[in-house]
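Listed here are the chains, written in short residue letters.
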Amino acid sequence: MVMEKFQESMYKLIVETSTKLPKDVRRAIAKAKLRENAGTRAAMSLATIVQNIQMADENVSPICQDTGLPTFKIKVPVGVNQIEMKEAIRRAVAQATKDGKLRPNSVDSLTGENSGDNLGIGLPVMKFEQWEKDYIDVRLILKGGGCENKNIQYSLPCELEGLGRAGRDLDGIRKCILHAVYQAQGQGCSAGFIGVGIGGDRSAGYDLAKEQLFRPVDDVNPNEDLRKLEEYIMEAANKLGIGTMGFGGETTLLGCKIGVMHRIPASFFVSVAYNCWAFRRLGVIIDPHTGDIQEWLYQEGENVDFKQEETEMTSEAREVVLEAPITEEQIRSLKVGDVVRINGMIYTGRDAIHKHLMDHDAPVDLNGQIIYHCGPVMLKDENGKWHVKAAGPTTSIREEPYQGEIMKKFGIRAVIGKGGMGAKTLAALKEHGGVYLNAIGGAAQYYAECIQSVEGVDFLEFGIPEAMWHLRVKDFTAVVTMDSHGNSLHEDIEKSSLEKLAQFKERVF
Ligand SMILES: O=C(O)C[C@H](O)C(=O)O
Ligand code: SF4
């Protein structure tokens, strides 16, 4: 095979996967959008998501800033050189990172050092299989960290909140899957897709679950029991009321695919892989002689360009403009449900910075300022100037152990993130006078466009996603989901969805 050509094909596959959602995923999102009532938070969030998908198409830039852990699944005819193919894929990954199509996402687990090019021990993941066919099939999934963290594995029998005992049968499996959707809440950027693996051991079960994510969203399970279960889950899970971003709403789950394998007598695992709405997986058929792409996968059927649909971000909520430095009085006037438009400066800070700030000074005066939980995709031009290529929020709950203390220590008035935070932060917001602002997860192009300039950067030694970027924004829109009066939309939705979950306690299968 001509390896230069194969490398070029892999580069195309990576760029396409990161920047353009496949047709089957678009159709699922379009359907969800039709179900939400105009003016609700869910409808507003879906409008932003759709707008973001279109912007990523036009800009050929990452749909979400977290371009995930690239995983390639490759089927090859006998006689193809897999060692050379691996090298070509690694070169294509490094090039796509350099071009801002992938975020540098490969971090040394012991030192925290970012390799800068998405290569590292075991990364990217490449799984080869030989087959009798005369062509190469390459599939790629870019699954981000927020949804990966919501994967869950059950060992049957077990006791589940809301649902009671889950036994070693189809009905027990049913309960585990419903619980998996419930426990994800909005943190994995719902509405999501799930792949389920029944059986195997812990690792084979998860592999099987992830394998399901490669099935087309609209296929039909050939196993009759599993077909019924998939249909049931799609209906029941969408009654949980978690909705887009966990804001409440009609659509919580966009797809459910279940696979089964044998197990050993003592073990009975149900493994669930959760994928956010930004479901980036594509595939190509490659000619083994030339290395050229012969066909794109997941692109059958009707195209959804969302063009005819109204994509304006409208809502019935009160709108408030915020500009830092913000006073305590301004913050205390905000209530859960208000839509905030931010102008002026915001500072990014995520895992490494929160840990660091616990026992160090901040490099800038954060009094009255806004922290953005975000790890953007950044590119430096030839004059040394930084440009934002993608900049949506990251899951805030990871900062729960630090957030309250840091807000009080530095006088921070607002944090922007997604998925909400817990009781400790809620108490700190009340005591100190702070708010939590929920941005739309995955809307990395939409938010990148709100950023007018990059005014500075600190802690670049933590790597691009973990650095503190000083960003000047205009009309950066988010929803108040936790206020300084002890209210939390996340707490409310968690409670109401648990009540709804309990309605599915009775045996069905
Ligand atoms: O790492 C990120 O930027 C986001 C992450 O995928 C998340 O969902 O929290
Ligand atoms: S931020 Fe949301 S959309 Fe992006 S990878 Fe994480 S979970 Fe997915």
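Residues numbered from 1 in each chain as written. Chains lettered and ligands numbered in written order. Predicted model: local features only at pLDDT ≥ 70, side-chain atom pairs only at ≥ 80, totals over all residues. Heavy atoms only, no water.

Identification of the protein chain as Fumarate hydratase class I from Anoxybacillus thermarum is taken from an unreviewed UniProt entry. Turning to the protein chain, the UniProt annotation filed under Sequence similarities (unreviewed entry) states: "Belongs to the class-I fumarase family." Comment text from UniProt for the protein chain, heading Subunit (unreviewed entry), reads "Homodimer." (UniProt positions renumbered as here; feature names shortened; annotations may be inferred.)

Participant: Explanation requested: the domain arrangement of the protein chain in the structure shown.
Facilitator: Frequently, the measure chosen for interface size is the accessible area removed from exposure when the parts meet. Segmentation of the protein chain into domains returns domain 1 (1-143 + 287-316), domain 2 (145-275) and domain 3 (319-493). The straight-line distance from the C-alpha centre of domain 2 to that of domain 3 is 32 Å. Every contact between the two is made by 11 residues of domain 2 and, on the other side, 14 residues of domain 3. Carbon and sulfur atoms make up 62% of the area that domain 2 and domain 3 hide from each other, which totals about 960 Å². The largest share of the area that domain 2 buries against domain 3 comes from Gln 187, Met 245 and Phe 247, three residues that together contribute 57% of it. The interface formed by domain 2 and domain 3 contains 0 salt bridges. The class makeup of the residues in the side of domain 2 that touches domain 3 is 4 nonpolar, 7 polar and no charged. (Domains from an automatic or database assignment. Contact = heavy atoms within 4.5 Å. Buried area = accessible area lost by both parts, 1.4 Å probe. Salt bridge = Lys/Arg side-chain N within 4 Å of Asp/Glu carboxyl O. Nonpolar A, V, L, I, M, F, W, Y, C, P; charged D, E, K, R; others polar.)

Participant: What exactly am I supposed to notice about the sheet that holds strand S11 (residues 293-296) here?
Facilitator: Strand pairing in a sheet relies on backbone hydrogen bonds. The paired strands run either parallel or antiparallel. Across the sheet, which stays open at both edges, the 5 strands sit in the order S2-S1-S3-S10-S11 with mixed pairing between neighbours. On the outer flanks of this sheet lie strand S2 (125-131) and S11, each paired with one strand and no other. Strand-to-strand twist across the sheet, computed as the mean angle between neighbouring axes with direction ignored, equals 20 degrees. Bridge count for strand S3 (residues 136-143) against strand S10 (residues 280-286) is 7 bridges, and the pairing is antiparallel. If you follow Val 138 over to S10, its bridge partner there is Val 284. Its contacts with the sheet put helix H1 (residues 3-19) on strand S1 (69-77), S3, S10 and S11, and the angle it makes with S10 is roughly 155 degrees. (Pairing = 2+ DSSP bridges. Helix = DSSP H or I, 4+ residues; strand = E, 2+ residues; numbered from the N terminus. Axes fitted to C-alpha atoms, helices over the stretch in contact; angles between N-to-C directions.)

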